[in-house]
Amino acid sequence: MNKGLLIVICGPSGAGKGTVHDAVLACMPQIRRSISVTTRLPREGEVEGVNYYYRTLAQYQQMIAHGEFLETASVFDNYYGTPKAAVMETLASGYDVMFEIDVAGARQIKAKYSESILIFIMTPDFKTLEARLRGRGTESEASLKTRLTGARVELMQYQMFDYIVFNDKIEDTVMRVEAIIHAEKSRIRRNTERIEGILAE
Ligand code: ADP
Ligand code: 5GP
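Residues numbered from 1 in each chain as written. Chains lettered and ligands numbered in written order. Predicted model: local features only at pLDDT ≥ 70, side-chain atom pairs only at ≥ 80, totals over all residues. Heavy atoms only, no water.

Caption draft 1: Up close: the packing of helix α5 (residues 126–136) against helix α6 (residues 141–155). Interaxial distance between α5 and α6 falls to 11 Å at its minimum, and their mutual angle equals 145°. When you trace α5 past α6, the crossing you get is right-handed. Residues Phe-126, Leu-129, Glu-130, Leu-133, Arg-134 and Arg-136 of α5 pack against Glu-141, Leu-144, Lys-145, Arg-147, Leu-148, Ala-151, Arg-152 and Leu-155 of α6. The residue inventory of the contact of α5 with α6, partitioned by class, reads seven nonpolar, no polar and seven charged. (Axes fitted to C-alpha atoms, helices over the stretch in contact; angles between N-to-C directions. Helix = DSSP H or I, 4+ residues; strand = E, 2+ residues; numbered from the N terminus. Left-handed = near helix turned anticlockwise from the far one by under 90°. Contact = heavy atoms within 4.5 Å. Nonpolar A, V, L, I, M, F, W, Y, C, P; charged D, E, K, R; others polar.)

This is how it looks when you write it as structure tokens:
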């Protein structure tokens, strides 16, 4: 497999995944974002091909039938999936790829690529999660309740993750995620070719 890292950012809705993801990408140009496909409608301000690729259920099912997804899951009554071809192209071009997906999707990626790095982003507690979700102002009361119930179910699966980062102060969170990525890139097993090259000089 290509040496690019697959970095999976998971965590409950409202934990800060999007915020962290954007900040890390802004500082680490060797990482590219994986843009997911979804059957949910765009929120105000969201742009096709930037936030998601928006597809109808029929189009999505056709993509599943054609084996176009690296992983796919049903989240909050909609489908979300990672298009395989784009990820493979990005890795082949020498970049790392960062995914912002749910726990079911993370499990599928880890099963396919055991070297992928799974990072769980969590607020310091559930009360903060609710406050941040409300503060974001994107959810109806019903959607908020679904997301808060889902949050507990996601956190209960913490054992499958490699890292957890508590998103208290955003600057600290971003620094910790960057530190994890730097440490993972420094692993001996990811640098053997380079070391052998130096030894061969
Ligand atoms: P997710 O992508 O996990 O659903 P967001 O990145 O949209 O979460 O963050 C949820 C809300 O919390 C947003 O309004 C965001 O601006 C805010 N937020 C994110 N991180 C922090 C933080 N460390 N402190 C305070 N507010 C935060
Ligand atoms: P939202 O509708 O708020 O953008 O996303 C809802 C949830 O779907 C989030 O938890 C997000 O991580 C997850 N999600 C987004 N894209 C994907 C994807 O490609 N695959 C999977 N499995 N989950 C995704």
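So much for the structure itself; the text now carries on.
Caption draft 2: Looking closely at the side chain of Glu-178. Relative to the helices and strands, Glu-178 resides in helix α7 (residues 170–185). There is no salt bridge for the buried Glu-178, and the closest opposite charge comes from Arg-176, which lies 12 Å off by N-O distance. (Buried < 20%, exposed > 50% of the residue type's maximum accessible area, 1.4 Å probe, protein only. Lys, Arg positive; Asp, Glu negative; His and termini not counted. Salt bridge = Lys/Arg side-chain N within 4 Å of Asp/Glu carboxyl O.)

Caption draft 3: Spotlight on helix α3 (residues 84–92). Taken together, the buried positions of α3 are occupied by Val-87, Thr-90 and Leu-91. The buried side chains of α3 occupy one side of the element, clustering within an arc of 95° when seen end-on. Relative to its buried face, α3 has exposed residues pointing more than 90 degrees away, namely Ala-85, Glu-89 and Ala-92. Among the structural elements, β1 (6–10), β2 (31–33), β5 (69–75), β6 (78–83) and β7 (96–100) are those in contact with the buried residues of α3. One or two positions beyond α3, positive phi appears at Gly-94, with a value near 95°. (Arc of directions from axis to C-beta.)

Caption draft 4: The packing of aromatic side chains, seen in detail. In total, this model carries five aromatic pairs according to the counting rule given. Plain terms: the ring middles of Tyr-52 and Tyr-54 are 5.9 Å apart, the flat faces sit at 65° to each other, and that makes the pair edge-to-face. Classification of Tyr-52 by relative accessible area gives buried; the value is 17%. The class for Tyr-54 is buried, based on a relative accessible area of 13%. Through a chain of ring-to-ring contacts, three or more aromatic side chains come together here, namely Tyr-52, Tyr-54 and Tyr-80. Across the ring face of Tyr-95, the terminal group of Arg-32 is positioned such that the distance to the ring centre comes to 3.8 Å. (Phe/Tyr/Trp six-rings, centres within 6.5 Å; stacked < 30°, edge-to-face > 60°. Lys NZ or Arg CZ within 6 Å of the ring centre and 35° of its normal.)

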